[in-house]
Amino acid sequence: MLGKTANGLFWMYRYLERAENTSRLIETGQRIALTRLGASDDEWRSILQTAGVAAGYDAAHETLTKDAAIDWMLRDPANPSSVLSSIAAARQNARMVRTALTHEVWEATNSAYMRAQELLSRKVGERDLPGVLGTIRQRAALVRGATQGTMLRNDIYDFARIGTFLERADNTARILDVKYYVLLPSASSVGSAVDNVQWETILRAVSGRGGFRMEYGAGAGPREIAQFLILDRRMPRSLAFCMGKIRDNLEYLAGAYGERSPALGRVEDIEQTFLRRDIDAVFDFGLYEFIQKQLTLLAEIGRQIEVGYRFYE
Amino acid sequence: MGEESIFDEMWGRAGALREPYRSFNDWLGAEDPKRLRAKQREAEDLFRLTGITFNVYGRAEAEERLIPFDIIPRIVSGGEWLRLSRGIEQRVRAINAFLYDIYHGQEMIKAGRLPAEMISRNEAFLPHMIGVSPPGGIYTHIVGIDLVRTGPDEFYVLEDNARTPSGVSYMLENRETMLQMFPELFARNRVQPVQTYPADLLRSLAASAPQCAGSNPTVAVLTPGIYNSAYFEHAFLADQMGVELVEGHDLRVVDGRVAMRTTQGYKPIDVLYRRVDDDFLDPLNFNPESALGVPGIMDVYRAGGITIANAPGTGIADDKAIYSYMPEIVEFYTGERPLLGNVPTWRCSEPEALAHVLAHLDELVVKEVHGSGGYGMLIGPTSSKKELAAFRQKLMARPSNYIAQPTLSLSTVPVFSRAGLSPRHVDLRPFVLMGPDGIKITPGGLTRVALKKGSLVVNSSQGGGTKDTWVLED
């Protein structure tokens, strides 16, 4: 496979995952704003930060308003990580690697793009927002479904999956980065109304409310939420789960190519050092420091993969 | 040619249904026009979903457009096709022999059958190719011959495309779309298949591999990238052949071979089907500004380390001044009379011809000798006085840059319009594959249709559409 193709697949799936995650963040923000329990402008600031687009927003806007924040994250072409920009970038990468994709994956991607363009051609009103965000996520799911249902399990698939899970781990780590303080043990373990809203924000942002309730019970608090998002291997958006998937796919590549990449060694280290512990060890390390470390390591793995598999000249 | 009425391929000149269309017409008569209209829209959706689009030069890079597709097929009988394909094969053989000759002994010039300056002063002549023998002796691996029809048995070659002919993906996707939308039509009509083209192309390219290649040569398609107007086709062909689609920055010369950067290191390529012009192929040997090519590929090529398809320097065969000598070229290299006619052509470089052209500018079609895609040409009869005057200036300033031809009364084929069937002018580009083991012509080709009533311009860049082209088994 061409290095360029591996690069295109990696980014196609990263952007697809990003579109989905950003749409989930917008939905979360909207939901919290409606409950009127959180101080809503602050909430939008932290959501912009979580999506990694706050600096861009501030450069383009004088004030922070809900509508402007939503529009920036949803459809502003000046924001390279807006939902619309991400889907366009995913499709652009898909065009580049068209020969590596099945017909069904290409068509799902292309039609996701066409639909997103249609839905996001003008500002989305509050009433239409849930429907539009739902459609975006369904379209992304369709691409993922076509990918799982029709693509060969070869190196093409491995790079697609590595892109997906690196982006997802990064997203979960950023959610924790922005909200870590509400999960600290010093915060009340009983939880005020405001705490409860904050915890719910975190769980909504990873589509994890139902799963969390089922596994940890309705009364569970911040310690369990941290456990759930960081170490729980059953949770498909937890750091441990994503890292495990990245390792699996790097191992498949090592098998197919007869050569282990440095990134694989790094991922094994990270799992060993950070993700096979219990949550108390994480708190002992310092939750904030732990999250910063994870963000740095994810970026490092990304770079090792780019270099090791010759994405660029 | 000239004043007689226009030949319609379905209804002839006098309105009598022609034989190849009989079964189709029965089917059409039983169809509800509303359903057909819905099908026409369905076809557009299919094309858009598949991403069969082209980028328009000079517009925002994001803009991708559909080439309009018309659901009424163009139908040619097996007998008509057989005669046509003999002429095409003869012409392609002659072009390949001509290319070998002008880059080697130049026998045709020595024999006084072609003026030396036609070659020596020709911008499309590539001195780097002098004395170079491409693997298998093949210059023109892929050729598209543009034909127009003026009567039941009158076909003329409008131009030869030996450089990098495009459009074959439309031939294939048009058929695919028709098969999906109207399967019953293919049960009623025995239409010769076109779907073998990608496999034939791969076989033909692999057979042209250089000596140094193993028994299973590595083929790749070279594209200028996703912003190129024909990118869809490049990706489509690579995909259909199951080979890599590469860009210049994926390639470099490693140990005397052209190699592509894979996830596991550099891997040599044996045959490069390039969709990049000569000029951009090698910044070391040609345009130093080019970012599309591979530095040093020409040196590897000259040393026999790679096959480039089509060979560099073939563009001279597309030159419209060379075109005017094509009857002589066919005769000289095949020893036979040409089976396919040329459109009569005035070379404006010749003073007498120029005088004639200037006197009849409003009746003629004037083209740039190196032009393509319908850009930079004048269609006298449909141009305004102002346009004619402006073109006259350009023509007098650089006569040798132009040739002129009479306006042919091109045949028409009906298109499906709001008002029912309406005749529109068409041309035809059959695709020819040439390898050391022979020539293969896919039955059919790309029919381009001028969608505007009365218009003779079929180029997609100028608002033309396409049709599925059927060659029947007789």
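Residues numbered from 1 in each chain as written. Chains lettered and ligands numbered in written order. Predicted model: local features only at pLDDT ≥ 70, side-chain atom pairs only at ≥ 80, totals over all residues. Heavy atoms only, no water.

## Remarks on the interface of chain A and chain B
So, point 1. Residue-level contacts link 26 residues of chain A with 25 residues of chain B.
So, point 2. Roughly 2,400 Å² of surface becomes buried between chain A and chain B when both sides are summed, with 48% attributable to carbon and sulfur atoms.
So, point 3. A per-residue breakdown of the area chain A buries against chain B is headed by A:Leu2, A:Arg95 and A:Thr99, which together make up 28% of the total.
So, point 4. Linking chain A with chain B are 2 salt bridges, by the criterion used here. (Contact = heavy atoms within 4.5 Å. Buried area = accessible area lost by both parts, 1.4 Å probe. Salt bridge = Lys/Arg side-chain N within 4 Å of Asp/Glu carboxyl O.)

## Description of helix α1 (residues 22–29) of chain B
Residues and elements named next belong to chain B.
So, point 1. When α1 is considered as a whole, its buried residues turn out to be Phe24, Trp27 and Leu28. With its buried residues spanning 100 degrees around the axis, α1 presents them on a single face.
So, point 2. Elements that come into contact with the buried residues of α1 comprise α2 (33–50), β3 (69–76), α7 (183–188), β19 (420–429) and β23 (464–471). (Buried < 20%, exposed > 50% of the residue type's maximum accessible area, 1.4 Å probe, protein only. Helix = DSSP H or I, 4+ residues; strand = E, 2+ residues; numbered from the N terminus. Arc of directions from axis to C-beta.)

## Side note on the sheet that holds strand β6 (residues 219–222) of chain B
All names here are of chain B.
So, point 1. Strand order across the open sheet formed by 4 strands is β7-β6-β11-β12, with parallel pairing between neighbours. The sheet terminates laterally at β7 (244–246) and β12 (307–309), the two strands that pair on one side only. Each strand axis lies, on average, 25 degrees off the axis of its neighbour in the sheet, ignoring direction.
So, point 2. The pairing of β6 with strand β11 (residues 271–274) spans 4 bridges and is parallel. Looking at the pairing, Val221 lines up with Tyr273 of β11. (Pairing = 2+ DSSP bridges. Axes fitted to C-alpha atoms, helices over the stretch in contact; angles between N-to-C directions.)

## Some remarks on the environment of A:Ser111
So, point 1. Tracing the backbone through its elements, the reader meets A:Ser111 in helix α6 (residues 103–119).
So, point 2. Separated by 145 residues in the primary sequence, A:Ser111 and A:Ala256 place their C-alpha atoms 32 Å from one another.
So, point 3. Residues within four places of A:Ser111 in sequence aside, it is in contact with A:Arg139 and B:Leu49.
So, point 4. Separated by 3.4 Å, the side chain of A:Ser111 and the backbone oxygen of A:Ala108 make a polar contact. (Polar contact = N/O pair within 3.5 Å; in protein donor to acceptor, adjacent residues only side chain to side chain.)

## Side note on the nonpolar core
So, point 1. Grouped together as the largest cluster of nonpolar side chains are 104 residues, with contacts concentrated most on A:Ile230, A:Leu250 and A:Leu275.
So, point 2. Split by domain, this core shows at least three residues from each of two domains, domain 1 (1–151) and domain 2 (153–313) of chain A. (Core = buried A, V, L, I, M, F, W, Y, C linked by side-chain atoms within 4.5 Å. Domains from an automatic or database assignment.)

## What to know about the packing of helix α5 (residues 83–96) of chain A against α6(A)
All names here are of chain A.
So, point 1. Two elements in contact, α5 and α6, have axes whose closest approach is 9 Å; the angle formed by their N-to-C orientations is 150 degrees. Between α5 and α6, the crossing angle belongs to the class labelled roughly antiparallel. Between α5 and α6 lies a crossing whose hand is left-handed. Touching Leu84, Ile87, Ala88, Ala90, Arg91, Ala94 and Arg95 of α5 are Trp106, Thr109, Asn110, Ala112, Tyr113, Ala116 and Gln117, all from α6.
So, point 2. Counted by class, the contact of α5 with α6 contains 9 nonpolar, 3 polar and 2 charged residues. (Parallel < 35°, antiparallel > 145°, perpendicular 65-115°, else oblique. Left-handed = near helix turned anticlockwise from the far one by under 90°. Nonpolar A, V, L, I, M, F, W, Y, C, P; charged D, E, K, R; others polar.)

## Let's talk about the domain arrangement of chain B
Residue and element names in this part refer to chain B.
So, point 1. Per the domain assignment, the segments of chain B are domain 1 (19–341 + 408–471) and domain 2 (345–406).
So, point 2. Here domain 1 and domain 2 have C-alpha centroids that lie 26 Å from each other.
So, point 3. In this complex, domain 1 contributes 18 residues to the contact, which on the side of domain 2 involves 16 residues.
So, point 4. Between domain 1 and domain 2, a total of about 1,500 Å² is buried, with carbon and sulfur atoms accounting for 48% of that surface.

## Thoughts on unusual backbone geometry
Residues and elements named next belong to chain B.
So, point 1. In this structure, the amide linkage connecting Ala309 to the following residue, Asn310, adopts the cis form with an omega of -10 degrees.
So, point 2. Mapped onto the fold, Asn310 is located in the loop between β12 and α12 (320–323).
So, point 3. A positive phi angle, near 55 degrees, is found at Gln106, a position not held by glycine.
So, point 4. Structurally, Gln106 can be placed in the loop between α3 (78–102) and α4 (107–110).
So, point 5. Classification of Gln106 by relative accessible area gives partly exposed; the value is 25%.
So, point 6. Phi at Asp255 takes a positive value of approximately 50 degrees, unusual for a residue other than glycine.
So, point 7. Mapped onto the elements of the fold, Asp255 is located in the loop between β8 (251–254) and β9 (257–262).

## What to know about the packing of helix α1 (residues 3–35) of chain A against α5(A)
Residue and element names in this part refer to chain A.
So, point 1. Close contact between α1 and α5 brings their axes to 8 Å; oriented N to C, the two are set at 160 degrees. Classified by the angle between their axes, α1 and α5 sit roughly antiparallel to one another. Remark: the crossing between α1 and α5 carries left-handed chirality. Contacts between α1 and α5 involve Lys4, Gly8, Trp11, Met12, Tyr15, Leu16, Arg18, Ala19, Thr22, Ser23 and Ile26 from the former and Val83, Ser86, Ile87, Ala89, Ala90, Asn93, Ala94 and Met96 from the latter.
So, point 2. For the contact of α1 with α5, a count of residues per class yields 12 nonpolar, 5 polar and 2 charged.

## Considering the side chain of A:Arg75
Residue and element names in this part refer to chain A.
So, point 1. Following the sequence through the fold, Arg75 ends up in the loop between α4 (66–74) and α5.
So, point 2. The exposure class of Arg75 is buried, given its relative accessible area of 17%.
So, point 3. In this structure the side chain of Arg75 is engaged in a polar contact, spanning 3.3 Å, whose partner is the backbone oxygen of Ser121.

## Details of the sheet that holds β9(B)
Residues and elements named next belong to chain B.
So, point 1. Judged by pairing direction, the sheet is antiparallel, and its 3 strands sit side by side in the order β8-β9-β10 without closing on themselves. Every other strand in the sheet has two partners, leaving β8 and β10 (265–268) as the edge strands with one partner each. Going from strand to strand, the sheet's axes swing by 45 degrees on average, the running direction of each strand aside.
So, point 2. Here 4 bridges tie β9 to β10, and the two strands are oriented antiparallel to one another. Pairing of Ala259 across the sheet is with Pro268, part of β10.

## Focus: the side chain of B:Asp278
Residues and elements named next belong to chain B.
So, point 1. Following the sequence through the fold, Asp278 ends up in helix α10 (residues 278–281).
So, point 2. Looking at Asp278, the relative accessible area reads 11%, which means it is buried.
So, point 3. A polar contact is formed between the side chain of Asp278 and the side chain of Arg274, at a distance of 2.8 Å.
So, point 4. Residues contacting Asp278, with those up to four places away along its chain left out, are Leu126, Phe286, Pro312, Gly313 and Thr314.

## Considering helix α13 (residues 262–275) of chain A
All names here are of chain A.
So, point 1. An ideal rise of 1.5 Å per residue puts 20 Å on 14 residues; α13 measures up with 19 Å between its terminal C-alpha atoms.
So, point 2. For α13, every residue scored as buried is listed here: Ala263, Leu264, Val267, Ile270, Glu271, Phe274 and Leu275. Taken end-on, α13 shows its buried residues confined to a sector of 130 degrees, consistent with a single buried face. Summarising the geometry of α13, the exposed residues directed more than 90 degrees from the buried face are Pro262 and Gln272. (Expected span 1.5 Å × (residues − 1).)

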